[in-house]
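Chains, contacts and geometry: an overview
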Amino acid sequence: MGIARLLAKGWIIFCLFAGAHALRFAVLQGVPLDMSLPAIGICALLFTAMGLLFVGGFGVSAAHVSGASFVSRFKPHHLIPGFNEAVFLLFVALSFLNQAFVAPATIGRGASALEDAIYFVVPGQRALFSSLDACTMDGGRIFAASFAWLLAIIYLASAASRLKLQAGLIRLEASDRPQALGPTLRAFLFGIVAVVGIQFLFVGSAYPWLNCSAFADVTGALLIGLAPLMLAYLIVAALASLMASAPEK
């Protein structure tokens, strides 16, 4: 998987997830849907277009290296998500639905078995709990984060079983369409970003930096509901690129 394609997919999901939560917060604050939907929808589309414009510029520079135009390289099947992508999109939708409808109903019920398990396994969950406790804020956020980490672990385990297949597809794609960055450098860059993400999210270094107000808006919703899944997707991409850079036996 090329960097431009990974950035494009990640940015689109990021904008859609953020826009959905912004719309949810507006409705919860009493703003009529017919007033909030056009404004938030336009902002989401503009941010999506801005990111895709940047990613498209990176893709065009790679096209000069391969000597093929974007139109000639584009195939209709590129629009169809693979199995890993379909599972990832499903998990993102489940995480949002849990944040919006299920997690708020868990307030006052005490810690569930899922929360206790993730609290034990994921150090970042303990850091998130400490930050929310210092802000005297929960609102189902602990349960939402636990559910997102559970989905991320399931996705990582599922995708890891197909790493050889994904690495083979990357090799075939690289042979037909050379890119600006080789597979080794691409795996190195993915790995660096994945290590930073693990430190910030899985270890929990990012949570103490946030103000209490951040957990009450879209920023907190993204960190709690989407960031664990994005980290798992990035780790899979890094591992697949690393396997693709190794000599094929």
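For the structure given in this document, a descriptive report is provided here. (Residues numbered from 1 in each chain as written. Predicted model: local features only at pLDDT ≥ 70, side-chain atom pairs only at ≥ 80, totals over all residues. Heavy atoms only, no water.)

**Quick look at the overall build of the protein chain**
Tallying secondary structure elements over the protein chain gives 11 helices and 0 strands in all. Counted from the first residue to the last, the protein chain has its helices and strands arranged as α-α-α-α-α-α-α-α-α-α-α. Buried residues in the protein chain amount to 42% of all 249 residues. Long-range contacts, defined here as pairs at least 24 residues apart, represent 84% of the contacts in the protein chain between residues at least 6 apart. As displayed, the protein chain offers around 13,500 Å² of accessible surface, 75% of which is attributable to carbon and sulfur atoms. (Helix = DSSP H or I, 4+ residues; strand = E, 2+ residues; numbered from the N terminus. Buried < 20%, exposed > 50% of the residue type's maximum accessible area, 1.4 Å probe, protein only. Contact = heavy atoms within 4.5 Å. Areas by Shrake-Rupley, 256 points an atom, 1.4 Å probe, with all protein chains shown as cover.)

**Some remarks on the nonpolar core**
Considering soluble globular proteins, one finds that nonpolar side chains tend to be buried as a cluster. One finds Leu128 and Tyr155 to be the most contacted residues of the largest nonpolar core, which totals 54 residues. Examining the composition of this core, we find that 12 residues originate from one element, helix H11 (residues 227-245), more than from any other. For Leu128, the contacting residues outside a window of four places in its chain are Ile142, Ala145, Tyr207, Phe215 and Ile224. (Core = buried A, V, L, I, M, F, W, Y, C linked by side-chain atoms within 4.5 Å.)

**Thoughts on the packing of aromatic side chains**
One pass over the full model with this rule turns up 8 aromatic pairs. Judged by centre distance (4.8 Å) and plane angle (50°), the rings of Phe88 and Tyr233 are tilted. Taken together, the residues Phe88 in helix H4 (residues 83-102) and Tyr233 in helix H11 connect sequence positions 145 residues apart. For the residue pair Phe88 and Tyr233, the accessibility class agrees, reading buried in each case. Among the aromatic residues, those joined into a cluster by ring pairs are Phe88, Tyr155 and Tyr233. Here the basic side chain of Arg126 rests over the ring of Tyr119, its NZ or CZ set 6.0 Å away from the ring centre. (Phe/Tyr/Trp six-rings, centres within 6.5 Å; stacked < 30°, edge-to-face > 60°. Lys NZ or Arg CZ within 6 Å of the ring centre and 35° of its normal.)

**Details of helix H1 (residues 3-28)**
Taking 1.5 Å per residue as the helical rise, H1 with its 26 residues ought to reach 38 Å, and the 37 Å between its terminal C-alpha atoms agrees with that figure. Immediately downstream of H1, the backbone of Gly30 shows phi near 90°, a positive value. (Expected span 1.5 Å × (residues − 1).)

**Some details on the environment of Gly140**
As for its position among the elements, Gly140 is in the loop between helix H6 (123-134) and helix H7 (141-160). Overall, the relative accessible area of 3% leaves Gly140 in the buried class. For the pair Gly140 and Thr106, spaced 34 residues apart in sequence, the C-alpha separation works out to 5.9 Å. Beyond its immediate sequence surroundings of up to four residues, Gly140 is in contact with Ala103, Thr106 and Ile107.

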